[in-house]
Amino acid sequence: MILVPAALPTRAPGFRRLIDPAVAPAALGGLTVEAVPAGGRTGSTAESEAVTLVLAGQARWASRVLGPGAGLYHPPGARYGLTAAADAPFTLLTVYGPPVRNRPPGPAGPTGGGAPASVPLVRRPEHGSALTRGGGFAGMGVHWLATARSVGARGLTVATSVFVPGGRHALHCHPAADEFFLVLTGGGDHLTERGRVRLAAGDLAYVPAGEWHGFTTRPGAATTALYGYLGAGSLRAAGYRIRTTTAQEAS
């Protein structure tokens, strides 16, 4: 597990690479966070699959205004730009998947020229997935934002989770994908085979494929988090295995 403390920038402008080959050489993707000043603009051409998600403020994409929790999925080759939608800064998280080869071209985007189009994220409640069937959690709700089903993702998955006070997710692993877990509000303990690591709002935990991990909230505190898988377009593709509770996890 890699811990990136206070991952969210506190002022604009600001750009930070959270996960990249320099930090995790074997990572199946990457994460960046950017604080864009009032009146500012940001954008890129997606070299691999990517998701941009507004964490704070408002951003304008084409004719849409994206508020906190809204965002876009970008297939490889998509060209996109986001501008401040109000006289205020906004904060943007970008999640990158691994390179995608031999993928059919998508529909032409607003820039024309046959470039594939970015599409808005679709918020879906957790239902009937490997998570439900596998169990191992209590007091936790999930909404999927970018998956193979919702936007056609192949190499990344993005979701949000809400833990009520006392909520927890037992030790589990994903054999075929890395996981990132960014605490937005609240806090708690990241569970590992060796013990607990305290996470506060703004902290990011990055878990390589196959590593056992879990989470439990602090007593009396609710927690919201943004998380996802790199290397898989769904929980089913990432794999989901629950480990029997250990003495360390229960302590």
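Computed from a predicted structure; not experimentally measured. (Residues numbered from 1 in each chain as written. Predicted model: local features only at pLDDT ≥ 70, side-chain atom pairs only at ≥ 80, totals over all residues. Heavy atoms only, no water.)

1. Here's the deal with empty space enclosed by the protein
Quick reminder of the rule: Definitions used for this entry: grid spacing 1 Å over protein atoms alone; cavity, a set of points where a 1.4 Å probe fits but cannot get out; pocket, an open set with protein on both sides within 12 Å along at least 5 of 7 lines; lining residue, one with an atom within 4 Å of a point. Grid points are joined across faces, edges and corners, and a volume is the space filled by probe spheres set on the points. Secondary structure is summarised from DSSP: a helix means a run of H or I of at least four residues, a strand means a run of E of at least two, and numbering begins at the N terminus for each. Under the scheme applied here, ten amino acids are nonpolar (Ala, Val, Leu, Ile, Met, Phe, Trp, Tyr, Cys and Pro), four are charged (Asp, Glu, Lys and Arg), and all others, including Gly, are polar.
Within the structure shown, the criterion is met by one cavity of 30 Å³ or more. What the largest cavity holds in volume is close to 160 Å³. Contributing to the lining of the largest cavity are 17 residues, with H169, H172, E179, F181 and Y227 lying nearest its centre. If you list the elements that add at least two residues to the lining of the largest cavity, you get β13 (137–146), β14 (156–173), β15 (178–185), β19 (213–217) and β20 (223–230). Broken down by class, the residue content of the lining of the largest cavity amounts to nine nonpolar, seven polar and one charged.

2. Brief notes about the layout of surface pockets
Here the second largest pocket defines a volume of roughly 230 Å³. Lining the second largest pocket are 17 residues, with D20, P21, G29, G30 and Y96 sitting closest to its centre. For the lining of the second largest pocket, the secondary-structure elements that each account for two or more residues are β2 (14–19) and β3 (30–36). Considering every element that reaches the lining of the second largest pocket, the biggest residue donor is β3, with three residues. Along the lines of polarity and charge, the residues of the lining of the second largest pocket split into ten nonpolar, five polar and two charged.

3. What to know about the pairing of β3
Under the convention used in this document: Think of it in three bands: residues with accessible area under 20% of the maximum for their type are buried, residues over 50% are exposed, and the middle band is partly exposed, with areas taken using a 1.4 Å probe on protein chains only. Pairs of strands are assigned from DSSP output, requiring at least two bridges between the strands.
For β3, the buried fraction is high: six of the seven residues fall into the buried class. For β3 and strand β10 (residues 90–96), the ladder comprises seven bridges, and the chain directions are antiparallel. Bridging from a neighbouring strand, G30 pairs with Y96 of β10.

4. Regarding the confidence of the model for the protein
Here is the rule: Known as pLDDT, the predictor's confidence for each residue is given on a scale from 0 to 100. Contacts are assigned to residue pairs that have any heavy atoms within 4.5 Å of one another.
Here the protein averages 87 in pLDDT, while 87% of its residues score no lower than 70. Note that pLDDT drops below 50 for residues 246–251; the model gives that stretch 13 contacts with residues more than four away or on any other chain.

5. A few points about the sheet that holds β3
In space, the six strands of this open sheet follow the order β2-β3-β10-β5-β8-β11, with antiparallel pairing throughout. For this open sheet the edge positions go to β2 and β11 (119–120), each flanked by a neighbour on one side alone.

6. Topic: the sheet that holds strand β6 (residues 59–61)
Note the threshold: Between the N-to-C directions of two axes lies an angle of 0 to 180 degrees, each axis being a line fitted to C-alpha atoms and, for a helix, fitted only over the stretch in contact.
Reading across the sheet, the four strands line up as β4-β9-β6-β7 and stay open at both edges, with antiparallel pairing between neighbours. Two strands lie at the open edges of the sheet, namely β4 (41–45) and β7 (64–66), each paired on one side alone. Along the sheet, successive strands turn relative to each other by an average axial angle of 25 degrees, direction set aside. Alignment of β4 against strand β9 (residues 79–84), held across five bridges, turns out to be antiparallel. Bridge pairing in β9 places T42 opposite L82.

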